Amino acid sequence: MTDQPQGIVHGVIEELEKAPDPPPSGPWIWVQENLLGGDTRLTKFFNGLLTVVFALIAVNILQFLTSYIFNPERRWSAVTFNMKLMMVQAFPQADLFRIWLSIGIFFVLVALSLVAWGLRGQMSLWTLSRGLRNAGVFLMLMTVMHGAFEASKILPIPLFSIDSPADWSGTRLLIFVIGLAMFAGAFMYLRREGIAAKDKSIPFLSLIAVGMGLVTLVIWTIDLPIPDGQFDETLGPIATSTTGPWTILFAVAIAAYFFGRWLIGIVEPARLRRWLVILWLFSYPVIIMVIQRKPILEWGDILAISKDSPLGLFLLFSVIGGAVIWWLALPDSLPVGRGIAVAIGALLILAGWPLEFFFDEMPALVGPIATLAGVALIAGGLMIHDRVEIARIIGSVLAIVALLVWFVPMPFLVRGLFITFAFVAVAAPSFGGTAQTRNNMVAVWVAIVFLVVATFVLGEAETALEFQSTTFLGGFNLSILLAISGVALSFPLGVVLALARTSSMPIFRLLATAYIEIVRSVPLITWLFFGSVMISLFLPGGISFDEIVRVVAAVSIFNAAYVAENIRGGLQSINKGQYEAGSAMGLSTVQSTALIIMPQAIRAVLPALVGSVIVSFKDTSLVAIIGLADVLLIAKSFVPGQTNPHNFLGTQPQMLFFIAIFYWMFTFTFSRMALRYEKSLGLGER
Amino acid sequence: MSDNGHPMIVVEGVKKWFGDFQALRGVTTTVGQRDVVVVIGPSGSGKSTLIRCINRLEVHQEGRIAVDGIELTNDLRNIDAIRREVGMVFQSFNLFPHLTVLENITLAPIWVRKQTRTESEENGMQLLERVGIPEQADKYPGQLSGGQQQRVAIARSLAMSPKVMLFDEPTSALDPEMIKEVLDVMKELALSGMTMIVVTHEMGFAREVADRVLFMDYGTIVEEGTPEHFFTNPQHDRTKLFLSQIL
Ligand SMILES: Nc1ncnc2c1ncn2[C@@H]1O[C@H](COP(=O)(O)OP(=O)(O)OP(=O)(O)O)[C@@H](O)[C@H]1O
Ligand SMILES: [Mg+2]
C-alpha cells in the first residue's frame, strides 16, 4: 500500500486513427431502419403493419386527388377561361398593360435586391437531386394511381376504387415519362456521387433562372383545357396575350439581374441598397395609385402657389419644417438664447400667419390653442436648454395641436402634415448629429412631405379607367393590395403599441392594453363591417375615404394588435443587460430601443410574425363578406354563376379546390423563404 | 496622483436601498486620476451596486458622487456627460448579438459621439488590434469564445474614449484559460494610465496592478489599503476571514 505511486503518466497519443467504417447500408437496411424500426420481432411486426396501413392511407389520398383532378367531369376550362377575372376582375382589357407593368416593376426590384443584398444562397446537389428523385417518384405514382381503377382488380382492396379513370393517356404518359426521367437521372447521379454530392452545390439563383426558363417553355408548349361551346371543352394552347408578357417579364427579370451585377461594380453596395429601399417604399404607392389607378390630375390646381394648393403646402412644410429639423439635428449643445428664439419662432409658425393662411374663417378654438401652445413653447424655451427636450416639447405640442384640431375644420392634408412633422421633429435630435445625418434627416422630411402630399393628391383624383364595378381593384390584385397594405401599416403601428404596452408610463400602458384587448376580442369581420359602414361616422365632417381605404384601415388596425403582442413577446425575451450596455455607453432610450432592442426583439419573434403575415394574407379573403370581389368570391360565386357563352354551373367545388392550391402556393413559398431568411439570421446569432 | 488638481471619482456617504433592504450603508472613497482600484468582498456585499451607482445604472438615495468634477445629479445632461466619461464592462459581456464585432464597437461613437462611419471604423479596428483580435471584426459575438467576447466588450467601451473604466467581475464568467487573455488586456490598460475600478476575485491581478484594494462587506468599505497591506497584514477580522477563504 505505501509504495502505491502518487500519479500515473499516460502520455499523448500522437498518430491519428482512421474513423471506423460507416455502418453498412442498402435497401434492406434502409427498410429495416425506416419502415420497420423497433428492436424485437414483435415491435418490428407492429411497426411494419403501421407503415403498411399509413402508406395505404397516403396512397389513397393521393389517388383521390389525382382521380379528382384528372376526372373528365372536371371542367378545368372554368379556371383557365376565368383566369383574368380571378386575377384582376373588372380591370379594363385595354389597360391590362398596367398590370403587367406592375409585375415587371416588382420583378426588377426583386432581381436588383437579390444582387444588392448578395443573396448567393447555394443548394447542394445532394438536396437537389434527392428532391428531384422524390418528385419523380411522386409524378410517376400520380399517373399510375390514376389508373388505379384497373389496379384495384389486382389488389382487391376497396380503398383503391374511388373514381373512374379518365382517358387522358397522352398527357398521362408524358407526365409518367417526365417523372421517370427525373427519377432516373437523379437516382443515377446520387448512385455515382454518393455522399460527395453533398459538397457540390449550385447557386440558388441559377435554379430560379432555370425554373423560369422551364416555365416559359411549358407555357409556350402546353395545351390546357379551354371551353368549347357552352358545355364542352377541348385542349388548346395558352393565348399569346398571356405567354408573351410572361416571357418578356422573365427576360426583363434576368436582364435586371445582370444590370444589377454591372451596377454593383460601379456603385457601392451600401448605396445601392439604400436606393433600393427607397425604390421599394415608393414602388408600392406608385403602382397602386399611379400605374394601376390611372388618375386624372388637374395640374393647374396642383401646381398653383396658394394657401391650399398641394404645391403651396409642400413648399411651406418642407421649407419651414426642414429648417426646424435641420436646426434640431445640429450637434453642439444649445445656448439659451437660441432656445428662446426657436420657441418664439415656433410660436410664430403655429399661431401666426400660417394658420390664417390655412383657414378661410378662423375657427373659434384655433386661437386659444395656438396661444396655449405658444406659451408652453416659450416656457419650455426659457427652462430647457437641451435640444432633445426642445424637440420633444415641439413634437408633443404639435401633436396635441394636430389632435385637438381634429374637431376643428382644417384641411385633412394639413392635419396629416402636422402629425408627421411632430414625429420627425422628435426623432431628429436622436438620429441627427453629423453633417451627413443632418442632411439625411432633412431629405427624409422633404420626401415624407412629398409622399403625404402626393398620396393625398392622387387619392383625391378621379380615375380615368373605365370599369363596371365599385373599384378598379378586384380579384387577386385586391387580395395582394390588402395583404401588403395591411402588413405595411400594421407593422409600425404594432411596434408603437408594443413599446407603449411595455412603457414605464401608465397612461401609455393603459391605452395600448385597452387598444390591444379590445381589437383582438372582436372578430375581424366585425372590424371590416365597421370599416365599410361606420368609420365615416367618426370622422370630422367633410372627410370621406374610399371603401378600399377604410377596409385597409380596418385590416391594419386589427393586425396591429397581433403584431404588437408578438413584438411584446420579443421585447420580454431581451436581457436587461442589453439595455444597461446601451445606457452605459450613453445611448438615449430612443436610440437604444431603435438600434439595440427592437432589432433583436423582432428577430426573436420572426417565426410568429411570419405566421401572422400568412394569417393576414389569408384573412383578406374575408372582404368577400362586405361585398368586395376578391379572388375567393370570384372563384366561389362569379365563375360558377356563368351560363353564357360558356356554362360553368356546378364548377364550384373545383374552383374552391383551385383556390386552395393557389393560396397554398403563395403562403408555402413565403413561409419557405422566411425560413431560409431565419436560418441565415440564425447563423450569426447567439 | 492627480494631474489637474481634482480626483477622478469622489464617493461620499453614498447610501442605497432596494425597497427596505439597504445595499450601501454610507460608502466614502476617492479615486485619483490614473489610479487602479480593486474592489473585493463576499457575495452580496454591494460591490456591483457601488460601481453601478457611479454611472447611474442604479440610483443612490443619499450621498454624493462626482466624476471628473461633474456632479451626478438628476440632471439628464450631467448623467449623459458622466456616461460619456465612464466605460463599463459587465460580467456577462452584454454584447449586441445582432451586430458584428466592429458594429458593436462603432455603434456608440456614431450615434453618441456623432463620428462618421469611416472614422469610427478606423478607430474600432485600432482598438481591436489593441485587444488582440482584429481578425474577428466581421464575426458576430455568438461566434467568439468568452474571452474574445469580453475583449470586444472592453474595446467597445474604449471606443467612447472614457476617462474611467469600471469592471464588474469581468472574468468570472470565463473558463480559466481565457481569464489570462482578458487580464492581460486590463493590465495593458492600467499601464497606459487609465483610471479603473475593478470588482474581481483575481487576487493575482490585484497584487500586480492595483494601487489600492477596497474590501467591502455589508454595504460598507470595511478596510482599504495597498495590495501589500492586504495580502501581508490585513487588520479587520472580516477581512482576514474573507482572505483566508479566498486565497
Ligand atoms: N435590483 C435589485 N433589487 C433588489 N435587491 C438587489 C438588487 N440588486 C442587488 N440587490 C441586493 O443588494 C445586495 C448587494 O448586491 P450586489 O450585486 O451589489 O452584490 P455584489 O457584492 O456585487 O455580489 P456578487 O459578488 O454576488 O456579485 C445583495 O444583497 C442583493 O441581493
Ligand atoms: Mg456583483
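Details of the structure are given in the entry above.
About the cut-offs
Counting restarts for each chain: residues are numbered from 1 in the order of the written sequence. Lettering for chains starts from A, numbering for ligands starts from 1, and both go in the order in which the items are written. Residues qualify for local features only when their pLDDT is at least 70, as the model is predicted, and side-chain atom pairs are given and counted only at 80 or more; totals for whole chains, interfaces and linings, by contrast, use all residues. Only heavy atoms go into the side-chain values, all of them from the structure, while hydrogens and water stay out. A run of H or I in DSSP becomes a helix once it reaches four residues, and a run of E becomes a strand once it reaches two; helices and strands are each numbered from the N terminus. Partly exposed describes any residue whose relative accessible area lies between the buried limit of under 20% and the exposed limit of over 50%, with all areas from a 1.4 Å probe on protein chains only and scaled to the type maximum. Contacts are assigned to residue pairs with any non-hydrogen atoms lying within 4.5 Å of each other. In short, Shrake-Rupley with a 1.4 Å probe defines the accessible areas, and a residue's cover is counted only from the protein chains shown. In this description the radius of gyration comes from C-alpha coordinates, and the expected globular size is given by 2.2 Å times residues to the power 0.38. Charged-residue counts in this description rest on Lys and Arg as positive and Asp and Glu as negative, His and the chain ends being excluded. Lysine's charge is taken at NZ, arginine's at CZ, aspartate's at CG and glutamate's at CD. Nearness is defined per residue: one heavy atom within 4 Å of the molecule or strand is enough. As used in this structure description, the phrase polar contact means that two N or O atoms lie within 3.5 Å; if the pair is within protein, one of them must be able to donate a hydrogen and the other to accept it, and residues adjacent in sequence are counted only when both atoms belong to side chains. Three classes are used, and their members are as follows: Ala, Val, Leu, Ile, Met, Phe, Trp, Tyr, Cys and Pro are nonpolar, Asp, Glu, Lys and Arg are charged, and the others, Gly among them, are polar. For a helix, the expected span equals 1.5 Å multiplied by the number of residues minus one. Note that the arc is computed from the directions linking the helix axis to the C-beta atoms.

On a plain count of helices and strands, chain A comes out with 28 helices and 6 strands. Split into buried and exposed, the 686 residues of chain A put 40% on the buried side. Of all intrachain contacts in chain A linking residues separated by at least 6 positions in sequence, the fraction that spans at least 24 positions is 76%. For chain A, the exposed surface amounts to about 37,700 Å²; the carbon and sulfur share of it is 71%.

Counting its secondary structure elements, chain B contains 9 helices and 10 strands. In terms of C-alpha radius of gyration, chain B reaches 18 Å, essentially the compact-globule figure of 18 Å for 247 residues. Within chain B, the fraction of its 247 residues that count as buried is 57%. As presented, chain B carries roughly 10,200 Å² of accessible surface, and 47% of it is formed by carbon and sulfur atoms. Side-chain charges in chain B split into 25 positive and 33 negative, and the spacing between the mean points of these groups amounts to 4 Å.

Below, the discussion takes up the site of ligand 1. Residues and elements named next belong to chain B. For ligand 1, the full set of nearby residues is Phe18, Phe21, Ala23, Pro42, Ser43, Gly44, Ser45, Gly46, Lys47, Ser48, Thr49 and Glu169. Contact between ligand 1 and Gly46: an oxygen atom at 3.1 Å from a main-chain N or O atom of the residue. Note that an oxygen atom of ligand 1 is positioned 2.5 Å from one of the side-chain N or O atoms of Thr49. Alone, ligand 1 offers 630 Å² of accessible surface; in the complex the protein occludes 60% of this. Of all the elements in the fold, those that place two or more residues in the shell around ligand 1 are strand E2 (21–31) and helix H1 (47–54). Per-element accounting of the shell around ligand 1 gives the leading share, 3 residues, to H1. A class-by-class count of the residues in the shell around ligand 1 yields 4 nonpolar, 6 polar and 2 charged.

Moving on, we come to helix H9 (residues 204–221) of chain A. Residue and element names in this part refer to chain A. The end-to-end C-alpha distance of H9 is 26 Å, a good match for the 26 Å that 18 residues give at a rise of 1.5 Å each. Residues Leu205, Met212, Thr216 and Ile219 constitute the buried set of H9. The buried residues of H9 occupy an angular sector of 75° when projected down its axis, which confines them to one face. H9 presents Leu217 and Thr221 as exposed residues on the side facing more than 90 degrees away from its buried surface. Packing partners of the buried residues in H9 comprise helix H5 (97–116), strand E2 (201–203) and helix H10 (240–266).

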